[in-house]
Amino acid sequence: MPESGLLLDPNAYDPQHFDAETRRLLRALIDWFEARGKTRLLDDDLQAAWVSDFLDFVKRERLFATFLTPSEYGGGDPDKRWDTSRNAALSEILGFYGLAYWYAEQVTILGLGPIWQSDNIKAKEKAAAQLEDGGVMAFALSEREHGADIYNTDLLLTPVGADDDEGVVFRASGEKYYIGNGNVAGMVSVFSRRTDVEGADGYVWFVADSGHDDYELIGNVVHGQMFVSNFRLNEYPVHEEDILCTGPDAFSAALNTVNVGKFNLCSGSIGMCEHAFYEAITHANNRILYGNPVTDFPHVRAGFVEAFARLIAMKLFSDRAVDYFRSASLNDRRYLLFNPVTKSKVTSEGEKVVTLLWDILAAKGFERNTYFCEVARLIGALPRLEGTVHVNVAQILKFMPNYMFNPASYPEVGTRRDPADDVFFWSQGPARGASRVQFADWAPVYERHLGLPNVAVFYEQVQALKDLLTTSPPDADQQRDLDFVLVVGHLFSLVVYGQLILEQAEITGLDGDLLDQIFDVAIRDFSGYAVALHGKPSSTDAQQGWAVSTLRKPVADAERFDRVWTQVVSYDGAYEMRP
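About the thresholds
- Residues numbered from 1 in each chain as written.
- Predicted model: local features only at pLDDT ≥ 70, side-chain atom pairs only at ≥ 80, totals over all residues.
- Heavy atoms only, no water.
- Helix = DSSP H or I, 4+ residues; strand = E, 2+ residues; numbered from the N terminus.
- Buried < 20%, exposed > 50% of the residue type's maximum accessible area, 1.4 Å probe, protein only.
- Contact = heavy atoms within 4.5 Å.
- Areas by Shrake-Rupley, 256 points an atom, 1.4 Å probe, with all protein chains shown as cover.
- Lys, Arg positive; Asp, Glu negative; His and termini not counted.
- Charge placed at Lys NZ, Arg CZ, Asp CG, Glu CD.
- Salt bridge = Lys/Arg side-chain N within 4 Å of Asp/Glu carboxyl O.
- Axes fitted to C-alpha atoms, helices over the stretch in contact; angles between N-to-C directions.
- Parallel < 35°, antiparallel > 145°, perpendicular 65-115°, else oblique.
- Left-handed = near helix turned anticlockwise from the far one by under 90°.
- Nonpolar A, V, L, I, M, F, W, Y, C, P; charged D, E, K, R; others polar.
- Polar contact = N/O pair within 3.5 Å; in protein donor to acceptor, adjacent residues only side chain to side chain.
- Phe/Tyr/Trp six-rings, centres within 6.5 Å; stacked < 30°, edge-to-face > 60°.
- Lys NZ or Arg CZ within 6 Å of the ring centre and 35° of its normal.
- Core = buried A, V, L, I, M, F, W, Y, C linked by side-chain atoms within 4.5 Å.
- Bend = angle between axes of the 7 residues up to and from the residue.
- Arc of directions from axis to C-beta.
- Pairing = 2+ DSSP bridges.
- Disulfide = S-S within 2.5 Å.
- Patch = residues over 30% accessible without salt bridge, like charges linked within 9 Å, V, L, I, M, F, W, Y side chains within 5 Å.

J.: Which residues make up the overall build of the protein chain, and what values go with them?
T.: For the protein chain, the count of helices and strands is 21 helices and 10 strands. Projected onto its principal axes, the C-alpha coordinates of the protein chain cover approximately 80 × 60 × 40 Å. Residue burial in the protein chain is summarised as follows: out of 579 residues, 59% are buried. Long-range pairs, those at least 24 residues apart, make up 78% of the contacts in the protein chain with a sequence separation of at least 6. Only carbon and sulfur atoms are counted for the fraction: they give 51% of the accessible area of the protein chain, which is about 22500 Å². Distance between charge centroids for the protein chain: 2 Å, based on 52 positive and 82 negative side chains.

Put into structure tokens, the structure is as follows:
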């Protein structure tokens, strides 16, 4: 039997660290998917069926109302709160069964961001009521021409005369693009700018209703269960009670919503990979090729062990990042780094996991009766759809100087699974000052694990990165060359990734063999990025010399590898979705 708790197991899911109602709802969700069965799940995906039956379940069980309503607007319901720990668990389960279900929740979270951050009490009460009634939300930031560039928007608000007897203060016109849930959302948070005010003071968030006559739903821009809408507002009336925030506060609300909402990319990716992993190991370990089980081939075992190590690392980092999110404050903004790492690194790792498994499954990975086929088609959306890896790595670079060289003292952050309302998310303050955020010293957790051979080797590479940044840092021209500095950003991301993995491994008592195997992967990834830096057109002789000097080979240990393989193969037959 596999080690309990490493991968989501629908057969025995009962997270004891959550309260009774949270456990009941998460279990009910799993049971709903399992009762529908795999045939229905896959057919709906192939037919691009809108997730209406899922939303019926959400309404019946008050799922989104319970998980996504801050307690202040919960009407006295003791189970309603915004709890990042259980939201991550929900997101993982939804990813386990289908990206479209995850997406319906994800864009509801984003749509709620500007609402919960605003001072508009009526809008908050309306959102709470709509959630209670089973409604979903939408986040209308992106546009066809500008993407998610919040400095530019062509959704225009034109003031109307003071004589309007309906209380209309603006008429809104323009299109939005890539807007999830835009077909059914009762409240669409819309980013816009006034025609009569220049610059940042002209930004406005307001809420629109997708059912209004002046809201024109143009269509779905993708073929799939997800409704990624393109809509147009045609002189849409905006009342005072529709306005959420204005000016620089509106700009900050956009970024701060991303800080909250895009975190769920990591748990969605994890869920998808877990289901794909179950299918892959069960198929491969029972397939005979040339008279032998496929898993007798060394390259197959190596692929499975690497995929498993990467997947467990994804979970370790993401679980630990939750603790920092829930403990955040204006005096502890470390989450601003860990968030883009989850968005870029964890989701990219998910893509690597699926590629490794697909290399083993080969043609089987295309078969329409597998969940793997759906995962293989959609796993790449997560590092690309909600802000590209490049954007997030560029954000990560802002934190590198203080993280690497200027540590600060913080109280210890423990595991945060308490049933608390994470209210700081709705008062994050102005979205600036990333370069001033400081971090606790990352070195001690590495040094506590130097007894693991591959942690020790990776720590040598980390120290070498410090040397590079001290002796041969990117010069002014290279800092303007995004192609060059992104490689540095990937190297730095590995340091951050390793820190939280080690912290969570300590907390959970992770098996030392598996942890060492995770850093076997990290060493090879670091070396790969060093080679990439060496090959960049603008790299200097000193930087090229550094790149060669930092290449390392992981410490091989056949017995350790075999013990990890035993963990991997224990998942053969451990879970198969009901037909």
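J.: So what's going on with unusual backbone geometry? Which residues, and what values?
T.: One non-glycine residue with positive phi stands out, namely Ala 48, at about 55 degrees. According to the relative accessible area criterion, Ala 48 is buried, its value standing at 19%. The phi angle at Asn 181 is positive, at roughly 65 degrees, despite the residue not being glycine. Relative to the helices and strands, Asn 181 is located in the loop between strand 3 (168-180) and strand 4 (187-194).

J.: Give a description of the pattern of salt bridges that names residues and reports values.
T.: In the structure shown here, the tally under the stated rule is 47 salt bridges. Two residues, Glu 367 and Lys 364, come together in a salt bridge whose shortest N-O distance is 2.9 Å. Each member of the salt-bridge network shares a partner with another, and the members are Glu 306, Arg 310, Lys 345, Glu 349, Lys 352, Asp 516, Asp 520, Arg 524, Asp 525 and Arg 560.

J.: Could you give me a rundown of the packing of helix 9 (residues 298-326) against helix 10 (residues 335-361), with the residues and numbers involved?
T.: Here helix 9 crosses helix 10 at 160 degrees, and the two axes come no closer than 9 Å. Viewed along their axes, helix 9 and helix 10 adopt a mutual orientation that is roughly antiparallel. Handedness of the crossing formed by helix 9 with helix 10: left-handed. Taken together, the residues of the contact of helix 9 with helix 10 sort by class into 17 nonpolar, 5 polar and 4 charged.

J.: Would you mind going over the environment of Ser 549 in detail, with residue names and values included?
T.: Mapped onto the secondary structure, Ser 549 falls in helix 20 (residues 541-549). By relative accessible area, which is 45% here, Ser 549 ends up partly exposed. Along the chain, Ser 549 and Gln 130 lie 419 residues apart, while their C-alpha atoms are 59 Å from each other. Side-chain polar atoms of Ser 549 contact the backbone oxygen of Trp 546, separated by 2.8 Å.

J.: Explain the packing of aromatic side chains to me, using residue names and the numbers behind them.
T.: Two numbers describe a pair of aromatic rings. These are the distance of the centres and the angle of the planes. For the structure shown, the criterion picks out 49 aromatic pairs. Plain terms: the ring middles of Trp 32 and Phe 33 are 4.9 Å apart, the flat faces sit at 70 degrees to each other, and that makes the pair edge-to-face. For the pair shown, Trp 32 and Phe 33 are each scored as buried. Here the basic side chain of Arg 86 rests over the ring of Phe 67, its NZ or CZ set 4.4 Å away from the ring centre.

J.: If you had to explain the side chain of Ser 344 to someone new, which residues and values would you point to?
T.: Residue placement: Ser 344 occurs in helix 10. Judged by its relative accessible area of 3%, Ser 344 is buried. Within the structure, the side chain of Ser 344 is placed 2.7 Å from the backbone oxygen of Pro 340, a separation counted as a polar contact. In contact with Ser 344, other than residues within four places in its own chain, are Val 389, Asn 392, Val 393 and Ile 396.

J.: Just give me the short version of the nonpolar core, but keep the residues and values in it.
T.: Phe 54 and Phe 304 are the most contacted members of the largest nonpolar core, which has 178 residues in total. No other element matches helix 9, which puts 16 residues into this core. Setting aside anything within four residues of it in sequence, one finds Phe 54 in contact with Leu 29, Trp 32, Phe 33, Phe 64, Leu 94, Tyr 101 and Ala 104. Of all hydrophobic cores here, the second largest spans 19 residues; its members include Ala 138, Leu 155, Val 190 and Phe 231.

J.: How would you sum up helix 1 (residues 20-46)? Please name residues and give values.
T.: The principal kink in helix 1, of about 95 degrees, is found at Gly 37. For helix 1, the capping residue at the N-terminal end is Asp 19, with a side-chain oxygen 3.2 Å from the backbone nitrogen of Glu 21.

J.: Explain helix 20 to me, using residue names and the numbers behind them.
T.: Residues of helix 20 that are buried: Gln 543, Trp 546 and Ala 547. With its buried residues spanning 100 degrees around the axis, helix 20 presents them on a single face. Turned more than 90 degrees away from the buried face of helix 20, the exposed residues are Asp 541 and Val 548. Close packing links the buried residues of helix 20 with helix 16 (453-471), helix 17 (476-480), helix 18 (482-508) and helix 19 (512-535).

J.: Lay out the packing of helix 18 against helix 19 in plain terms, naming residues and giving numbers.
T.: The contact between helix 18 and helix 19 brings their axes to 9 Å, and the two run at 170 degrees. One element, helix 18, and the other, helix 19, form an angle in the roughly antiparallel class. Residues Phe 484, Val 487, Val 488, His 490, Leu 491, Leu 494, Gly 498, Ile 501, Leu 502 and Ala 505 of helix 18 form the contact with helix 19, whose own contacting residues are Leu 515, Ile 518, Phe 519, Ala 522, Asp 525, Phe 526, Tyr 529, Ala 530, Ala 532 and Leu 533. Across the contact of helix 18 with helix 19, the residue classes tally to 17 nonpolar, 2 polar and 1 charged.

J.: How would you explain the pairing of strand 3 if you had to name every residue and give the values?
T.: Where strand 2 (residues 156-159) meets strand 3, 4 bridges bridge the pair, whose relative direction is antiparallel. Opposite Pro 159, over in strand 3, you have Phe 170 as the bridge partner.

J.: Can you tell me about the state of the cysteines, naming the residues and giving the values?
T.: Enumeration over the complete set of coordinates arrives at 0 disulfides. With no disulfide of its own, Cys 266 has Cys 273 as its nearest cysteine by sulfur position, at a separation of 12 Å. Classification of Cys 273 as buried rests on a relative accessible area of 0%.

J.: Just give me the short version of a nonpolar patch on the surface, but keep the residues and values in it.
T.: Where nonpolar side chains cluster on the molecular surface, the patch consists of Tyr 178, Val 222 and Leu 385 and spans about 260 Å² of accessible area. Among the secondary structure elements, Val 222 is positioned in the loop between strand 6 (215-220) and strand 7 (228-239).

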